Amino acid sequence: DTCREATRSYPSTSPFDTCGRIMAWRCSGSTNLELCMQLKHNDIIRSGPVEAAFLATDRGHFCPKEVHEFAYEDRPIRHRHVHISAPHIYASALETLELKEGMKFLCFGSGTGYFCTLAGHLVGPTGIVHGIEIFEDVVDFADERCKTYRISNNTEPTASSTESSPDLKATDPGGERKGSIAGPSKDAQEYLKCLRKRAVVKPQYIVGNCFQLKTDANIRYDRIYVAGGAPRAMLEKLSSFLEIGGNLVGPFDDCLLRVTRRSETSFSEEVKAQVRFAPLLNSVDEISDGEERKLEKQDSMEDQSSATSTEMAQAKRRRLRGPMEDLKFARLVWSPKLHRRFPSNFRNSVLAVLMLQKRGRNVPSKLSRDTWMYIFSFCCRDWFQAKLSEVELLRRLLEEETRARKEAEARATKAERDRAMMCALLFQNQCDNNPARSRLLRAVMGFSEDSDDE
């Protein structure tokens, strides 16, 4: 269930280079700050909160030490069971999910916890972040990383970094430094100040198979991210965990979809991009002891032979821990200590009831304070949440569909412009030794006959 983009293999000198170099040239940096600024410069990060979340969350903290040198490169990282998506994938997913304060978020394939930590900054202390991962050692690693996590202090460029030094330099398609880029935006800086003042959200992880998670034993979520390729047949099951009006983002049959739940039985889909992800693991196969020892020996040779790392990664299998029929997340139970973890409408309702209980001569006063405390512990966090009316829900869905149509039109316009530019460059290349074609090209591009070639 870990996040694995399946990229084509390239010749490499390192076992980790088999993850591919498709996007590594575009947004890579040598520090977390540089990585974030490159993502912003290339228009992958577009909002202040997402930018602040990336600045506050050091990717290197969630990478195993064996692959830490690749932490700030814009490419996926693969080491044994650990798989971390390329930063541009996570940035695009966060922009598409549009996480807000107090939302409930679920990640199928939580991996090392990097993406869940990013999401936790956006949902805030009153939100919920859940992650399910099939490998126990990866969940243990994620728990340990989250316990030691602190908001990154390296969020401000130095005076020299934007002037003389190449720290914050834009990169061209050839991978070379080209010009300088701006530092963090004002919106991101303001959001960072808020992040430093409030408590860090601790994601909750469980070990298990996401396809065995029970819908009736768990809560519904406002946002869901599927971190690995899933068959189209599983779309209905995974979408059943959504609240009405909630969104799911994930790859299904090589299409990155955004699914919106319109009602109990109605869903709408939007294709965001054509992608290639390795599939979510549906199960971990039982293997014989002899085969397991053979795979362990192959694991020890992984760092010495990169040519077979892809085959070994596909061949690895581990046993699951017993049956998982009752797979579910622990419920957040209200108590005075956890009062701040609940939404504002829940907190206000609790305070109102306790204030009325103190005054006397009303219904709440007929029960003691301890009795009310006991009653509140059985209330779910959405107990006092006002449900959206049908008109409000339709209005919100219409706004989302309108925005999606505008984004699709913008992408189509950009694709047509890029296509026209590529055709013009190809035609220009053919016109080098053909004066007639050259004159035609100059006329199409709007140049006069006597203008300079430049």
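In what follows, the accompanying structure is described. Small disclaimer: the values here were computed from a predicted structure and weren't measured.

## Thoughts on the overall build of the protein chain
Scanning the protein chain from N- to C-terminus turns up 14 helices and 11 strands. Split into buried and exposed, the 454 residues of the protein chain put 48% on the buried side. By sequence separation, contacts in the protein chain at least 24 residues apart represent 64% of the contacts at least 6 residues apart. Total accessible area on the protein chain is roughly 24,200 Å²; 53% of this is exposed by carbon and sulfur atoms.

## A few points about unusual backbone geometry
Positive phi is not limited to glycine here, since Asp43 has a value of about 65°. Along the polypeptide, Asp43 turns up in the loop between α2 (32-41) and α3 (48-56). Phi at Arg80 takes a positive value of approximately 55°, unusual for a residue other than glycine. For Arg80, the position within the fold is in the loop between β1 (77-79) and β2 (82-84).

## Things to note about the sheet that holds strand β7 (residues 204-207)
If you trace the 7 strands from one edge of the open sheet to the other, you get β7-β4-β3-β8-β9-β10-β11, paired in mixed fashion. The strands lining the two open edges of the sheet, one partner per strand, are β7 and β11 (267-274). The sheet shows a mean angle of 15° between the axes of neighbouring strands, direction not considered. As paired elements, strand β3 (residues 104-108) and strand β4 (residues 128-133) share 5 bridges and run parallel to each other. Its bridge partner being in β4, Phe108 is matched across the sheet by Ile132. In this fold helix α4 (residues 87-97) packs onto β3, β8 (221-226), β9 (242-252), β10 (255-261) and β11, with an angle of close to 155° to the strand it touches most, β8. Sitting on the sheet, helix α5 (residues 114-123) is in contact with β3, β4, β7 and β8, with an inclination near 165° to β4.

## Focus on the packing of α3 against helix α7 (residues 186-197)
Between α3 and α7, whose axes approach to 8 Å, the crossing angle comes to 60°. Taken together, the axes of α3 and α7 are oblique relative to one another. Handedness of the α3/α7 crossing: right-handed. In this structure, α3 uses Gly48, Pro49, Glu51, Ala52, Leu55 and Ala56 to contact α7, whose residues at the interface are Asp187, Ala188, Tyr191, Leu192 and Leu195. Classifying every residue of the contact of α3 with α7 gives 8 nonpolar, 1 polar and 2 charged.

## Things to note about the side chain of Lys272
Along the polypeptide, Lys272 turns up in strand β11. By relative accessible area, Lys272 is classed as buried at 16%. Within the structure, Lys272 has its side chain in polar contact with the side chain of Glu270 (distance 3.2 Å). Those residues in contact with Lys272, other than ones at most four positions away along the chain, are Thr96, Leu256, Arg258, Glu407 and Arg411.

## Focus: the pattern of salt bridges
Pairing between side chains of opposite charge can happen when the charged atoms of each approach one another. Within the structure shown, the criterion is met by 17 salt bridges. Between Arg220 and Glu264 there is a salt bridge; the shortest N-O distance is 3.0 Å. Placement of the pair is Arg220 in the loop between β7 and β8 and Glu264 in the loop between β10 and β11, with a sequence separation of 44 residues.

## Section: the packing of aromatic side chains
According to the stated counting rule, one finds 13 aromatic pairs in the structure shown. Measuring from ring centre to ring centre gives 5.9 Å for Phe62 and Tyr149, while their planes differ by 40°; the resulting arrangement is tilted. Of this pair, Phe62 sits in the loop between α3 and β1 while Tyr149 sits in the loop between α6 (136-147) and β5 (169-171), and the two are 87 residues apart along the sequence. Taking relative accessible area as the criterion, Phe62 reaches 0% and is therefore assigned buried. Here the aromatic rings of Phe108 and Phe241 are separated by 5.9 Å at their centres, their planes lie at 65°, and the arrangement is edge-to-face.

## Re the environment of Glu269
Tracing the backbone through its elements, the reader meets Glu269 in strand β11. Through-space distance from the C-alpha of Glu269 to that of Arg258 is 5.7 Å; in sequence the pair is 11 residues apart. Ignoring sequence-local partners within four residues, the contact set of Glu269 consists of Arg232, Leu235, Leu257, Arg258 and Val259. Of the polar contacts made by the side chain of Glu269, one reaches the side chain of Arg232; its length is 2.4 Å.

Calculation notes
Residues numbered from 1 in each chain as written. Predicted model: local features only at pLDDT ≥ 70, side-chain atom pairs only at ≥ 80, totals over all residues. Heavy atoms only, no water. Helix = DSSP H or I, 4+ residues; strand = E, 2+ residues; numbered from the N terminus. Buried < 20%, exposed > 50% of the residue type's maximum accessible area, 1.4 Å probe, protein only. Contact = heavy atoms within 4.5 Å. Areas by Shrake-Rupley, 256 points an atom, 1.4 Å probe, with all protein chains shown as cover. Pairing = 2+ DSSP bridges. Axes fitted to C-alpha atoms, helices over the stretch in contact; angles between N-to-C directions. Parallel < 35°, antiparallel > 145°, perpendicular 65-115°, else oblique. Left-handed = near helix turned anticlockwise from the far one by under 90°. Nonpolar A, V, L, I, M, F, W, Y, C, P; charged D, E, K, R; others polar. Polar contact = N/O pair within 3.5 Å; in protein donor to acceptor, adjacent residues only side chain to side chain. Salt bridge = Lys/Arg side-chain N within 4 Å of Asp/Glu carboxyl O. Phe/Tyr/Trp six-rings, centres within 6.5 Å; stacked < 30°, edge-to-face > 60°.

In short, the description is geometric, and any link to function would need to be established separately.
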